[in-house]
Amino acid sequence: MNCYVLLPFMLGIPLLWPCLGATENSQTKKVQQPVGSHLRVKRGWVWNQFFVPEEMNTTSHHVGRLRSDLDNGNNSFQYKLLGAGAGSTFIIDERTGDIYAIEKLDREERSLYILRAQVIDITTGRAVEPESEFVIKVSDINDNEPKFLDEPYEAIVPEMSPEGVIRISSKMDRELQDEYWVIIQAKDMIGQPGALSGTTSVLIKLSDVNDNKPIFKESLYRLTVSESAPTGTSIGTIMAYDNDIGENAEMDYSIEEDDSQTFDIITNHETQEGIVILKKKVNFEHQNHYGIRAKVKNHHVDKQLMKYHTEASTTFIKIQVEDVDEPPLFLLPYYIFEIFEETPQGSFVGVVSATDPDNRKSPIRYSITRSKVFNIDDNGTITTTNSLDREISAWYNLSITATEKYNIEQISSIPVYVQVLNINDHAPEFSQYYESYVCENAGSGQVIQTISAVDRDESIEEHHFYFNLSVEDTNSSSFTIIDNQDNTAVILTNRTGFNLQEEPIFYISILIADNGIPSLTSTNTLTIHVCDCDDSGSTQTCQYQELMLSMGFKTEVIIAILICIMVIFGFIFLTLGLKQRRKQILFPEKSEDFRENIFRYDDEGGGEEDTEAFDVAALRSSTIMRERKTRKTTSAEIRSLYRQSLQVGPDSAIFRKFILEKLEEADTDPCAPPFDSLQTYAFEGTGSLAGSLSSLESAVSDQDESYDYLNELGPRFKRLACMFGSAVQSNN
């Protein structure tokens, strides 16, 4: 029989565990109707339905009796039991038909047995009744306690939940205890004798809710920051603690609004630390300490739990500013000065000022970076070293450097801009060079040229120029000028007709004045050429002739340059050709056919001996090869002559023989060049007077050598004398 245990728990959540019970109504039910499958008139099997209880410990338990209605009790019938279990589990009394169970039965293993019975007449040996089947059922008893099938059991319940069916003294707090073990009992046959029970353990875990706010354990933090630290620098960390876990322990740090100008706090979401950072640079000389108050709160808070987070936890942070040696500080971020041009050397330009921001107030030394026009003294006064010209440079960009005398590594620089103001020091002049022409048949009042002027000075107002002829040209000039009042003027003829032969060129002096203060005037010369114009009176032909003349001059110059280049290259090629030809004569190619020709050499040779040294016929024929003498190496020669050269001087016959052999070898060498050559050989000389140190060539053996003289060399050689003296004696 299956059973279930219903465990009501907190929050009214039912916990249902299935259990397996083995109890069953153990009362046997008698079946009144016969079980026999075949009945005869006045004959048949007679028995009741058989039941046997399980787990019987007796060795023989009477189950029931089989009896035929023909059996009159005279013991003339024999009963037999057949089928599975007959003889092993069940036995039958052959005379009476009583059935016995001879072993313990278990209903959970097998609940019924199907057997066959047969009655035989002992006298005749025949079956009185045919075989008949019957059933023996195993009755159930309560021998198995309830069992929990899905162990282990685990349940998760939020902490601080309201009370349920299981009574508790107070609400469960996960921070105090996060797990509980509960023992559950399941019992069958409640209220009846022989009931059995089973138990299991249930692990109840409390899930976390955000019922705790983060709290600072330190009420005061002390941090330091250098005044040279840039913005964004991390100064230190603060830490709050939350008894909750997971996302319920995530927190956010902040600074109260009144203290958030210079510093800020950001949250490290991995470590849940608050990082204090510098929001604005600090200055030790202005303020050397700060005090801020930080607060912390949870990031995730449910509305129903806000009552636990009404007031945030706070802590106080004291920040000390550390003093560092700072560079000089200029009063302004940049300076702009003005000075008129053409002022004399040493003129005053302006003053810059820098101070040491530290408490010791170091004196300041000033300097200008790469400037040849300005100078600065230790007071920061800038002066000129040369005269200034605005037309050359209207602005000067300087870099002024301030250095502390007590610490020359502390340096700061600022830009200084100097504007050169204009004075009217340049007179106006022609805007370009003019080439003017006038025809011989030009009439009076004819326009010859239009001119304009420029002024390099800068004018407060717009430039205005005035044009006039000089006094000499005004009185006796063949030309006149008209000012157009727009900074231009026209030159006109003042007479009729010109003579190219008598006066080919006219020079006119034109005065140009500006509107500066004071006004400046310049004299400019205009050249006018007299031209033999065509019938139309156009001066274009004169201009074309001038152009062709200049072009012709340029063409002649270019041609002359090209001729010079060609001459130089021709000389270079000729020199290279002569050198190449000389090389071909001195070193002919192997493929050339050698004849008995006369060769000329720069080096002095042996005359006819050079010709006799070579067989021209052999050189001409490729099939005949001269026998080549084996050339000995220098090392082999030296080794062969070394033994013979002992006690011999350089003028000996052996030395001469060595030279002759080398000469003969060079003369018979077919690979030698066909002209005189210098060959160098090494000869070690006559050898050493000490002779050979080899023991193999020694004429005297160790046995003939006497080492008595070692005794006379002193106590240092005593050991050596004993060794060699004893060796000689032993040999003897």
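Please read these numbers as outputs of a predicted model, since none were measured by experiment.

Caption draft 1: How the structure looks around the overall build of the chain. Counting its regular elements, the chain contains seven helices and 40 strands. For the chain, buried positions account for 32% of its 732 residues. Residue pairs in contact within the chain that sit at least 24 positions apart in sequence constitute 66% of those at least 6 positions apart. Accessible surface for the chain amounts to roughly 48,000 Å². Of this, 52% is attributable to carbon and sulfur atoms.

Caption draft 2: Local environment of the packing of aromatic side chains. Enumeration according to the criterion identifies 13 aromatic pairs in this entry. Both rings, one in Phe50 and one in Phe134, keep their centres 5.6 Å apart while their planes meet at 85°; by these two values the pair is edge-to-face. You can see Phe50 sitting in strand β4 (residues 50–53) and its partner Phe134 sitting in strand β11 (residues 127–139), a full 84 residues away along the chain. Since its relative accessible area comes to 3%, Phe50 is described here as buried.

Caption draft 3: View of the pairing of strand β37 (residues 479–483). Covered by surrounding structure in β37 are Phe479, Ile481 and Asp483 only, the residues Thr480 and Ile482 on the alternate face being uncovered. When β37 meets strand β38 (residues 488–493), the two strands line up antiparallel, connected through five bridges. Of the residues in β38, the one forming a bridge with Ile482 is Val490.

Caption draft 4: Main features of the state of the cysteines. Within this structure, the stated rule accounts for one disulfide. With its sulfur 1.9 Å from that of its partner, Cys439 forms a disulfide with Cys533. Residues Cys439 and Cys533 are joined by a disulfide whose S-S torsion is about -90°; by sign, that bridge is left-handed. Taken as a pair, Cys439 in strand β34 (residues 435–439) and Cys533 in the loop between β40 (521–531) and α2 (540–586) lie far apart in primary sequence, 94 residues in all. What makes Cys533 buried here is its relative accessible area of 13%.

Caption draft 5: The pattern of salt bridges, seen in detail. In total, this model carries seven salt bridges according to the counting rule given. Its salt-bridge partner being Lys205, residue Glu154 comes within 3.5 Å of it at the nearest N-O pair. Here Glu154, found in strand β13 (residues 153–158), pairs with Lys205, found in strand β15 (residues 197–207); they are 51 residues apart in sequence, far enough to count as distant. Connected through salt bridges with shared partners, the residues Asp325, Arg360 and Glu404 form a single ionic network.

Procedures and definitions
Residues numbered from 1 in each chain as written. Predicted model: local features only at pLDDT ≥ 70, side-chain atom pairs only at ≥ 80, totals over all residues. Heavy atoms only, no water. Helix = DSSP H or I, 4+ residues; strand = E, 2+ residues; numbered from the N terminus. Buried < 20%, exposed > 50% of the residue type's maximum accessible area, 1.4 Å probe, protein only. Contact = heavy atoms within 4.5 Å. Areas by Shrake-Rupley, 256 points an atom, 1.4 Å probe, with all protein chains shown as cover. Phe/Tyr/Trp six-rings, centres within 6.5 Å; stacked < 30°, edge-to-face > 60°. Pairing = 2+ DSSP bridges. Disulfide = S-S within 2.5 Å. Salt bridge = Lys/Arg side-chain N within 4 Å of Asp/Glu carboxyl O.

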